[in-house]
Amino acid sequence: MSIVRNIAGIAKGMSITFGEMFQPTEVENYPDGPGPLRGAVFQERFRGAHVLQRDEHGLEKCVACFLCAAACPSNCIYIEAAENTAEQRISSAERYAKVYNIDYNRCIFCGYCVEACPTDAITHGHGFELATLNATNLVMRKEDMLVPTVAMPGELAAHSDSVK
């Protein structure tokens, strides 16, 4: 009796397979699609390349607390801390990450670093084109991951006055 049930299960699975074989193929139009993502569609919980965020004043949010590196199961995050000075302010706290590297050769995109960060400095972005033939290109540095500085409206006016 169990042999008949096994054969019936295999036949049911194969009928679904054969039914799908004759349906038209549905594909996303990547890389030639319209828009900035060129046809790529992201799901709500997509975990792409990491992004280091800035606060509303343009300072880095990372305070070099090392919690993201401690939470990483693959040990792919390397951080070196440095002290902020009154003349050179990088972050709003006492310390900042002088060096912040993520080795994507080892990263498993688990999201533990994002969850561990108390200042929400590191997040997952929408970067998905990470493939390369050279493994050294997969070590992302702080400069590669940091969000560009957005000039404040007052800074734009001051800059336009100095240009004239």
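Thresholds applied
- Residues numbered from 1 in each chain as written.
- Predicted model: local features only at pLDDT ≥ 70, side-chain atom pairs only at ≥ 80, totals over all residues.
- Heavy atoms only, no water.
- Patch = residues over 30% accessible without salt bridge, like charges linked within 9 Å, V, L, I, M, F, W, Y side chains within 5 Å.
- Areas by Shrake-Rupley, 256 points an atom, 1.4 Å probe, with all protein chains shown as cover.
- Salt bridge = Lys/Arg side-chain N within 4 Å of Asp/Glu carboxyl O.
- Helix = DSSP H or I, 4+ residues; strand = E, 2+ residues; numbered from the N terminus.
- Phe/Tyr/Trp six-rings, centres within 6.5 Å; stacked < 30°, edge-to-face > 60°.
- Buried < 20%, exposed > 50% of the residue type's maximum accessible area, 1.4 Å probe, protein only.
- Pairing = 2+ DSSP bridges.
- pLDDT = per-residue confidence, 0-100.
- Contact = heavy atoms within 4.5 Å.
- Core = buried A, V, L, I, M, F, W, Y, C linked by side-chain atoms within 4.5 Å.

1. Examining a nonpolar patch on the surface
In step 1: On the surface, Ile-10, Met-14, Phe-18, Met-21 and Phe-22 cluster together into a nonpolar patch covering about 580 Å² of accessible area.
In step 2: Relative to the elements of secondary structure, Ile-10 occurs in helix H1 (residues 2-21).

2. Observations regarding the packing of aromatic side chains
In step 1: As enumerated under the stated definition, the model contains 3 aromatic pairs in all.
In step 2: When the centroid spacing of 4.7 Å and the interplanar angle of 40° are considered together, the rings of Phe-42 and Phe-46 count as tilted.
In step 3: On the basis of relative accessible area, Phe-42 is assigned to the partly exposed category, the value being 21%.
In step 4: For Phe-46, a relative accessible area of 30% corresponds to the partly exposed category.
In step 5: Here the aromatic rings of Phe-42 and Phe-128 are separated by 5.3 Å at their centres, their planes lie at 65°, and the arrangement is edge-to-face. With Phe-42 in the loop between H1 and strand E1 (50-52) and Phe-128 in the loop between strand E4 (122-124) and strand E5 (139-140), this residue pair connects regions lying 86 residues apart in the sequence.
In step 6: We classify Phe-128 as partly exposed; its relative accessible area is 33%.
In step 7: One aromatic cluster in this structure is built from Phe-42, Phe-46 and Phe-128.

3. Quick notes on the sheet that holds E5
In step 1: Taken in spatial order, the 3 strands line up as E2-E3-E5 in an open sheet, and their pairing is antiparallel. Edge positions in the sheet fall to strand E2 (77-83) and E5, since each has one partner strand and no second.
In step 2: Sheet analysis places strand E3 (residues 95-103) next to E5, joined by 2 bridges and oriented antiparallel. What sits directly across from Ile-102, in E5, is Met-140.

4. Quick notes on the confidence of the model for the protein
In step 1: Confidence in the prediction for the protein averages 87 pLDDT; 89% of positions are at 70 or higher.
In step 2: The secondary-structure element of the protein with the lowest mean pLDDT is helix H5 (residues 153-163), recorded at 45, while helix H2 (residues 67-71) shows the highest, at 97.
In step 3: Low pLDDT, under 50, characterises residues 156-164; the predicted model gives this stretch 1 contact beyond four residues in sequence or across chains.

5. Details of the nonpolar core
In step 1: Ranked by internal contacts, the top residues of the largest apolar core, which has 23 residues, are Ile-77, Ile-79, Tyr-100, Ile-102, Tyr-104, Ile-122 and Met-145.
In step 2: Listing elements by their share of this core, those giving two or more residues are H2, E2 and E3.
In step 3: It is E3 that contributes the most residues to this core, 3 residues altogether.

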